[in-house]
Protein chains: 2
Amino acid sequence: MVSLRKEFFIMSIVRELARQAKEASRQLATLTTADKNSALLKVAQQLLADKDSILYANQEDLARGKQAGLSPALLDRLALNAARIDDMVEGVKQVAALPDPVGEITESWQRPNGLLIDKVRVPMGVIGMVYEARPNVTVDTCALCLKAGSAVLLRGSSSALNSNRALVNSIKKGLAGTAVPVAAVQFIDTEDRSAVDEMLRLNGLLDLVIPRGGAGLIKRVVETATVPVIETGVGNCHVYVDKDADPAMALEIILNAKCQRYGVCNAAETLLVHRNIAAAWLPEALQALRQRGVEIRGCPAVLELQPDVKLADRDDWSTEFLAPVLAVKIVATLEEALAHIQTYGTGHSESIVTNNQETASRFLKLVDAAAVYHNASTRFTDGFQYGFGAEIGISTQKLHARGPMGLRELTSYKYVVRGTGQVRS
Amino acid sequence: MVSLRKEFFIMSIVRELARQAKEASRQLATLTTADKNSALLKVAQQLLADKDSILYANQEDLARGKQAGLSPALLDRLALNAARIDDMVEGVKQVAALPDPVGEITESWQRPNGLLIDKVRVPMGVIGMVYEARPNVTVDTCALCLKAGSAVLLRGSSSALNSNRALVNSIKKGLAGTAVPVAAVQFIDTEDRSAVDEMLRLNGLLDLVIPRGGAGLIKRVVETATVPVIETGVGNCHVYVDKDADPAMALEIILNAKCQRYGVCNAAETLLVHRNIAAAWLPEALQALRQRGVEIRGCPAVLELQPDVKLADRDDWSTEFLAPVLAVKIVATLEEALAHIQTYGTGHSESIVTNNQETASRFLKLVDAAAVYHNASTRFTDGFQYGFGAEIGISTQKLHARGPMGLRELTSYKYVVRGTGQVRS
């Protein structure tokens, strides 16, 4: 009974926050670009002014995290410092400088009956974000959503609760007195997990929820939500080195795709190598990878070339390691590489290295992923790298947005139809 | 135990159908436009050849429906005849004649590092359709999805089971021997409702589910599905007659929006009238509506003008009547009209009649709906009327597609990135 009451209480709070966000979103949708930009610049100023209190709150989270035994990697993701806050502030300013997608007429045509139809970009409304660790997501999300004319409902991880609360307070202080309503930013300030379930079922109030975090979080959101969701991020990415690859280029690309950063969704997790090039190319490539501390897990054919490599098991082909581990498989044909990617890929980023245009074309056409690369690293799947100026995540679903999501991907559209009394016959 | 076994059996079947569709979708995605078009024309031929057996199957459904006490309206929706089959066949031919969206490069740019990025339209993959009555949806859906390069998994209502089965058999016969794999069309041939629940949770196999039917069906799909969904169809549409409206035009538009067809989602369900024009315009308008058999349910101010009108209750403002019933409210200001639409509208189609450009602009900007009209009937929200050539439904959500969904709205995209060895620094 007590638990039921508590759940009902949390439900009421979450719903009320969303209702306030919805109301604010209506006002936000009517603002000019200048109004939104000047509010974002005020937010940037305020974050700088609040640096000390934000760092203080972050210290609390870090202390709790150490006590709770969080891994050094997680503690590093959680940690803020003056430079990281400066980066966030810079990010907000960059979003303010980006072109405003709202109001853009993307198509316009006239029907034979004289009706003029405009397809116009409009804000999404209220965007929910469910995310883990990294407090910078709080700031990035607010900046991007507000610029795209939408209100936000934020739910961060409990490990970052103090940091996120301090950041949201600062953002709201920054918005006060600007044209952007303070209520356009809402933060679910509780560690209770039932709040997320409530949030994910706010049909009619939430127009979209984006989960950002590990595979577990994303799965939970997809399975629980009745509001529309964009799945992000899980990337089991492959580099396929074809028999017609330039060996030096192939080495550069796999080293970059695997080692430039380990814990990111667009890093390569499996290397596929055509058997005709394996003997000549693979030993040197594996040596270079191992010199950088990468553990290799190979198929039996790889072990024939390098007997000291660990044998890969089935799980290795489907694991997003996010670590210095690489699964390596020798394939007999392009088709075998395609079939492997089809079986184990997550539709994120896939790359082929080859100088054969025909082989490249087949790969680019047949691989079903958000981003397919020819002679380039998978690490380019990123809103900044694509020139979007920023990104809120990388979609791995096919509905609405695929790949890096920038400001445009955070908008919807409507049809504006102008007539002179037309009726349907 | 028996029931569990049965559910498991149905689950296995549904999953297997989807798996076959997924496999077929990969082949379908590589076909040329000519291949797809010639397959659709074969389907059209086959449907004509199978007219008798389709009508026979439909007679069974009608007989069962009469026994089960279906309303005359539902029986009419269910009924096929030679002319309706000819219409379906004509529809398939029209889809074959439409431009192919797949492969279109919608954007193309080069990054400073030399990477060439193409944004390319690609098929969705496997599209699920859950629909009620109208057997023509079976044929329309197949034609549109196949042309858009996607396989389909169909689940019609049990009242149309025999008709749908006959239509699917005919479509599959038509596809046999063409480049389009027969397995690209899959039909869940059972009345068991657990099959729908299974279908809605086929993440990884189904890329999208579209429900088409009444509010109950759509709610159930939205609440059950873990795969991406596009909500369609529920339309509580308004016509607002402003004080600056042309009275004759306003009369034409409300008569058309209400009476041109009653059972459709883009028909008007509520008329809002500015009080300054109400006394002069409304009595005549109500008389014309009543002459056409429309029942009026008015707010108290309407009853002051027309005492014999029935008083509307709160439900009347939120009901999609789909019948010759119209709720009528007199408002004091544009803002009151906007607030009413915001409260009761379903984000489908909303129209203002006015000769005041400023008022029109405010309405078009502030109303949050898939389609907003100035001096035109709401009945134009339709893929054919917009010039899309066909439609699979009208989306009332903001994610992915809004308003009429044609072939383009049934596609996704991917980024094709071509480099010369670029790596990320």
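Scroll up to find the structure.
Quick summary incoming for the structure in this document.

The rules behind these values
- Residues numbered from 1 in each chain as written.
- Chains lettered and ligands numbered in written order.
- Predicted model: local features only at pLDDT ≥ 70, side-chain atom pairs only at ≥ 80, totals over all residues.
- Heavy atoms only, no water.
- Phe/Tyr/Trp six-rings, centres within 6.5 Å; stacked < 30°, edge-to-face > 60°.
- Helix = DSSP H or I, 4+ residues; strand = E, 2+ residues; numbered from the N terminus.
- Lys NZ or Arg CZ within 6 Å of the ring centre and 35° of its normal.
- Axes fitted to C-alpha atoms, helices over the stretch in contact; angles between N-to-C directions.
- Parallel < 35°, antiparallel > 145°, perpendicular 65-115°, else oblique.
- Left-handed = near helix turned anticlockwise from the far one by under 90°.
- Contact = heavy atoms within 4.5 Å.
- Nonpolar A, V, L, I, M, F, W, Y, C, P; charged D, E, K, R; others polar.
- Buried < 20%, exposed > 50% of the residue type's maximum accessible area, 1.4 Å probe, protein only.
- Pairing = 2+ DSSP bridges.
- Polar contact = N/O pair within 3.5 Å; in protein donor to acceptor, adjacent residues only side chain to side chain.
- Salt bridge = Lys/Arg side-chain N within 4 Å of Asp/Glu carboxyl O.

1. Examining the packing of aromatic side chains
Per the stated rule, a full pass over the model turns up 14 aromatic pairs over all chains. Ring centres of tyrosine 415 of chain A and tyrosine 386 of chain B lie 5.1 Å apart, and the angle between their planes is 80°; this geometry places the pair in the edge-to-face category. Remark: tyrosine 386 of chain B occurs in the loop between strand E13 (371–376) and strand E14 (393–395) and tyrosine 415 of chain A occurs in strand E16 (residues 411–422); the pair is interchain, linking two chains. Each residue in the set Trp109, Tyr413 and Tyr415 of chain A together with Tyr386 and Phe388 of chain B is aromatic and connected to the rest through ring pairs, giving one cluster. For the cation-ring pair, lysine 119 of chain B lies above tyrosine 413 of chain B, with the distance from its terminal atom to the ring centre recorded as 4.2 Å. Looking at lysine 329 of chain B, its charged tip hangs above the ring of tryptophan 317 of chain B, at a distance of 5.9 Å from the centre.

2. Describing the packing of helix H2 (residues 33–49) of chain A against helix H6 (residues 136–147) of chain A
Residues and elements named next belong to chain A. Two elements in contact, H2 and H6, have axes separated by 10 Å at closest approach and are oriented at 165°. Taken as axis vectors, H2 and H6 run roughly antiparallel relative to one another. Helix-helix and strand crossings are classified by hand; for H2 and H6 the assignment is right-handed. For the pair formed by H2 and H6, the contact residues are Lys36, Asn37, Leu40 and Leu47 on the first element and Val139, Ala143, Leu146 and Lys147 on the second. By residue class, the composition of the contact of H2 with H6 is five nonpolar, one polar and two charged.

3. Side note on the environment of glutamate 252 of chain B
All names here are of chain B. Mapped onto the elements of the fold, glutamate 252 is located in helix H10 (residues 247–259). By relative accessible area, glutamate 252 is classed as partly exposed at 45%. With 36 residues separating them in the primary sequence, glutamate 252 and alanine 288 have C-alpha atoms 10.0 Å apart.

4. Some details on the side chain of threonine 381 of chain B
Residues and elements named next belong to chain B. Structurally, the position occupied by threonine 381 is in the loop between E13 and E14. Residue threonine 381 is classed as buried on the basis of its relative accessible area, which comes to 0%. If we skip the residues at most four places from it in the chain, threonine 381 touches Asn266, His348, Ser349, Ala371, Tyr373, Tyr386, Ile394 and Pro404.

5. Here's the deal with the sheet that holds E13 of chain B
Taken together, the 10 strands give an open sheet; going across it, the order is E1(A)-E2(A)-E16(A)-E13(B)-E12(B)-E7(B)-E8(B)-E11(B)-E9(B)-E10(B), and neighbouring strands pair in mixed fashion. The open sheet has two edge strands, strand E1 (105–110) of chain A together with strand E10 (310–311) of chain B, and neither has a second partner. Strand direction decides the pairing type here: strand E7 (residues 237–241) of chain B and strand E8 (residues 268–274) of chain B, joined by five bridges, are parallel. Within the sheet, the bridge partner assigned to valine 239 of chain B lies in E8 of chain B and is leucine 271 of chain B. Sheet strands touched by helix H15 (residues 357–366) of chain B: E16 of chain A together with E7, strand E12 (349–353) and E13 of chain B. Its angle to E13 of chain B, the strand with the most contacts, is close to 160°.

6. Focus: the side chain of serine 412 of chain B
Mapping serine 412 of chain B onto the fold places it in strand E16 (residues 411–422). A polar contact is formed between the side chain of serine 412 of chain B and the backbone oxygen of lysine 398 of chain A, at a distance of 2.9 Å. Ignoring anything within four residues of it in the chain, the contact list for serine 412 of chain B reads Lys398 and Arg402 of chain A together with Val120, Arg121, Val122, Pro123 and Met124 of chain B.

7. Some remarks on the sheet that holds strand E3 (residues 126–131) of chain B
Residues and elements named next belong to chain B. Taking strand neighbours across the sheet as the criterion, the four strands line up as E5-E4-E3-E6 in an open arrangement whose pairing is parallel. In the strand order of this sheet, the two ends are held by strand E5 (185–187) and strand E6 (208–212), each with one partner. Going from strand to strand, the sheet's axes swing by 20° on average, the running direction of each strand aside. In the packing of helix H6 (residues 136–147) onto the sheet, the strands contacted are E3, strand E4 (151–155), E5 and E6, and the crossing angle to E4 comes to about 160°. The strands that helix H7 (residues 161–175) touches are E3, E4 and E5; relative to E5, the one it contacts most, it runs at about 160°.

8. Some details on the pairing of E16 of chain A
With 10 of 12 residues buried, E16 of chain A lies mostly within the body of the structure. Pairing geometry for strand E2 (residues 116–123) of chain A and E16 of chain A, over eight bridges, is antiparallel. Bridge pairing links arginine 121 of chain A to tyrosine 413 of chain A in E16 of chain A. Relative to E13 of chain B, E16 of chain A runs parallel, the two sharing five bridges. Along E13 of chain B, the bridge assignment pairs valine 416 of chain A with valine 372 of chain B.

9. So, the pattern of salt bridges
The tally for this structure, following the rule as stated, stands at 52 salt bridges over all chains. The partner of aspartate 207 of chain B in a salt bridge is lysine 22 of chain B, and the shortest N-O contact between them spans 3.0 Å. Here aspartate 207 of chain B is found in the loop between helix H8 (194–199) and E6, whereas its partner lysine 22 of chain B is found in helix H1 (residues 2–28), with 185 residues between them in sequence. Linked by salt bridges that have partners in common, Lys22 and Asp207 of chain A together with Asp368, Lys398 and Arg402 of chain B make up one network.

The quantities given are spatial measurements derived from coordinates; they are silent on function.
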